[in-house]
Amino acid sequence: MAGLMGPRFGAQPGRARQLVVLLHGLGADGQDLIELAPDWASVLPEAAFIAPDAPDACDMAPYGRQWFSLQDRTPAVMAAGAQRAAETLEPLIEAELGRFGLPGEALALAGFSQGAMMAMQLGLRRRPPPAAILAYSGVLLGAESLAAALAGKPPVLLVHGEADDIVPVGASRAAEAALRAAGVPVEAIYRPGLPHAIDAVGIEAGARTLSRAFAP
């Protein structure tokens, strides 16, 4: 089976001890997030980083990719779209783990915006669960049925700008509450004045989370 298609950084097969998959937002592609890899490689020097391009062309812009359509933002429709996309993404990630000779526990998922939705959708339902989930400026879909859907309780980092006018910060506050209620360990960071973006504080928090998740 083919693996993930998109830019890569870090350790090669036979040398990697961790796999970090970076999931981009709507209307972007893998190149948008692979720039995080050098910073995080400073704490995970034996990690392989992959920022795959989403499978579909964005249907809301003349460029970029999407994991699923956001034309209809009804919560149930978005949750169904994310689940379909996760079912497509899962075997590709498994193929990459096999390519690197790594167990499922050596995986971490990080995402921004729609990619954060995907990281939580896939990561919270995956067996075995990833070592960590990093969700920047995202939405936890299907929160009302989360407890029944959980396959594990991997640590989750939520980072969101309080000035975000694309995905309001209330989305991560709701995600934090739902995750805590389900017994999932959460660190939430809300950044005053930050719009729909990842800043240096968020990058540093991601590095700390990954370092803790893969500590010996």
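The sections below set out a description of the structure shown in this document. Just so you know, these numbers come straight off a predicted model, no measurement behind them.

## Quick word on the sheet that holds strand 7 (residues 132-136)
Okay, step 1: Taken in spatial order, the seven strands line up as 1-3-2-6-7-8-9 in an open sheet, and their pairing is mixed. Of all the strands in the sheet, the pair left with one neighbour each is strand 1 (8-10) and strand 9 (186-191). Averaged over all pairs of adjacent strands, the angle between their axes in this sheet comes to 15 degrees, without regard to strand direction.
Okay, step 2: Each of strand 2 (18-23), strand 6 (107-112), strand 7 and strand 8 (156-161) is contacted by helix 3 (residues 114-123), which is oriented at about 150 degrees to strand 6, the strand it contacts most.
Okay, step 3: Against the sheet, helix 6 (residues 200-213) contacts strand 6, strand 7, strand 8 and strand 9, and its axis sits at roughly 170 degrees relative to strand 7.

## So, the pattern of salt bridges
Okay, step 1: Summed over the entire model, instances satisfying the criterion amount to ten salt bridges.
Okay, step 2: Between Arg-126 and Glu-94 there is a salt bridge, with its nearest N and O atoms 2.3 Å apart. Taken as a pair, Arg-126 in the loop between helix 3 and strand 7 and Glu-94 in helix 2 (residues 75-100) lie far apart in primary sequence, 32 residues in all.
Okay, step 3: Residue classification places Arg-126 among the buried residues on the basis of a relative accessible area of 2%.
Okay, step 4: Across the pair Glu-162 and Arg-173 runs a salt bridge, and its minimum N-O distance is 3.1 Å. Taken together, the residues Glu-162 in the loop between strand 8 and helix 5 (170-181) and Arg-173 in helix 5 connect sequence positions eleven residues apart.

## Quick notes on the pairing of strand 6
Okay, step 1: In terms of residue burial, strand 6 counts as a mostly covered element, since six of its six residues are buried.
Okay, step 2: Here strand 6 shows no split at all, with Leu-107, Leu-109 and Gly-111 on one side and Ala-108, Ala-110 and Phe-112 on the other all buried.
Okay, step 3: Strand direction decides the pairing type here: strand 2 and strand 6, joined by five bridges, are parallel. Note that in strand 6 the partner of Val-20 across the bridge is Ala-108.
Okay, step 4: By the bridge criterion, five bridges tie strand 6 to strand 7 in an arrangement that is parallel.

## Quick look at the environment of Thr-209
Okay, step 1: With respect to the secondary-structure elements, Thr-209 resides in helix 6.
Okay, step 2: Placed 147 residues apart in sequence, Thr-209 and Pro-62 show a C-alpha to C-alpha distance of 35 Å.
Okay, step 3: In contact with Thr-209, other than residues within four places in its own chain, are Ala-132, Leu-134, Leu-157 and Glu-187.

## Here's the deal with the layout of surface pockets
Okay, step 1: Volume-wise, the largest pocket comes out at about 300 Å³.
Okay, step 2: Along the walls of the largest pocket sit 16 residues, with Leu-70, Arg-73, Ser-113, Ile-166 and Val-167 positioned nearest its centre.
Okay, step 3: Per-class residue counts for the lining of the largest pocket are ten nonpolar, four polar and two charged.
Okay, step 4: In terms of lining, the second largest pocket is formed by Arg-17, Gln-18, Val-43, Leu-44, Pro-45, Glu-46, Ala-106, Ser-211, Phe-214, Ala-215 and Pro-216.

## Comments concerning the nonpolar core
In summary, soluble globular proteins display a tendency toward joint burial of nonpolar side chains.
Okay, step 1: With 49 residues, the main nonpolar core has Leu-19, Phe-68, Ile-93, Met-118, Leu-124 and Leu-179 as its most contacted residues.
Okay, step 2: Those elements giving two or more residues to this core turn out to be strand 2, strand 3 (47-50), helix 2, strand 6, helix 3, strand 7, strand 8 and helix 5.
Okay, step 3: With nine residues, helix 2 is the largest single contributor of residues to this core.
Okay, step 4: Discounting chain neighbours no more than four positions away, the residues touching Leu-124 are Ala-119, Ile-133, Leu-140, Leu-146, Ala-149, Leu-150, Ala-151, Gly-152, Pro-154, Val-156, Leu-179 and Val-184.
Okay, step 5: One finds Leu-36, Ala-37, Phe-112 and Ile-203 within the second-largest nonpolar core, a separate group that totals 27 residues.

## Remarks on the packing of aromatic side chains
Okay, step 1: Inspection of every chain in the model, using the stated rule, returns two aromatic pairs.
Okay, step 2: Judged by centre distance (6.4 Å) and plane angle (20 degrees), the rings of Trp-40 and Tyr-136 are stacked. Separated by 96 residues along the polypeptide, Trp-40 in helix 1 (residues 37-41) and Tyr-136 in strand 7 bring together distant segments of the chain. Tyr-136 shares its class with Trp-40; the two are buried.

## Some words on the packing of helix 2 against helix 3
Okay, step 1: In contact at an axis separation of 9 Å, helix 2 and helix 3 are set at 70 degrees when each is read in the N-to-C sense. On the basis of the axis angle, helix 2 is roughly perpendicular to helix 3. Of the residues in helix 3, those in contact with Ala-79, Ala-82, Gln-83, Ala-85, Ala-86, Leu-89, Glu-90 and Ile-93 of helix 2 are Met-118, Gln-121 and Leu-122.
Okay, step 2: Partitioning the contact of helix 2 with helix 3 into residue classes produces eight nonpolar, two polar and one charged.

Calculation criteria
Residues numbered from 1 in each chain as written. Predicted model: local features only at pLDDT ≥ 70, side-chain atom pairs only at ≥ 80, totals over all residues. Heavy atoms only, no water. Pairing = 2+ DSSP bridges. Helix = DSSP H or I, 4+ residues; strand = E, 2+ residues; numbered from the N terminus. Axes fitted to C-alpha atoms, helices over the stretch in contact; angles between N-to-C directions. Contact = heavy atoms within 4.5 Å. Salt bridge = Lys/Arg side-chain N within 4 Å of Asp/Glu carboxyl O. Buried < 20%, exposed > 50% of the residue type's maximum accessible area, 1.4 Å probe, protein only. 1 Å grid on protein atoms, 1.4 Å probe; cavity = no way out; pocket = protein on both sides within 12 Å on 5 of 7 lines; lining within 4 Å. Points joined across faces, edges and corners; volume = space filled by probe spheres on them. Nonpolar A, V, L, I, M, F, W, Y, C, P; charged D, E, K, R; others polar. Core = buried A, V, L, I, M, F, W, Y, C linked by side-chain atoms within 4.5 Å. Phe/Tyr/Trp six-rings, centres within 6.5 Å; stacked < 30°, edge-to-face > 60°. Parallel < 35°, antiparallel > 145°, perpendicular 65-115°, else oblique.

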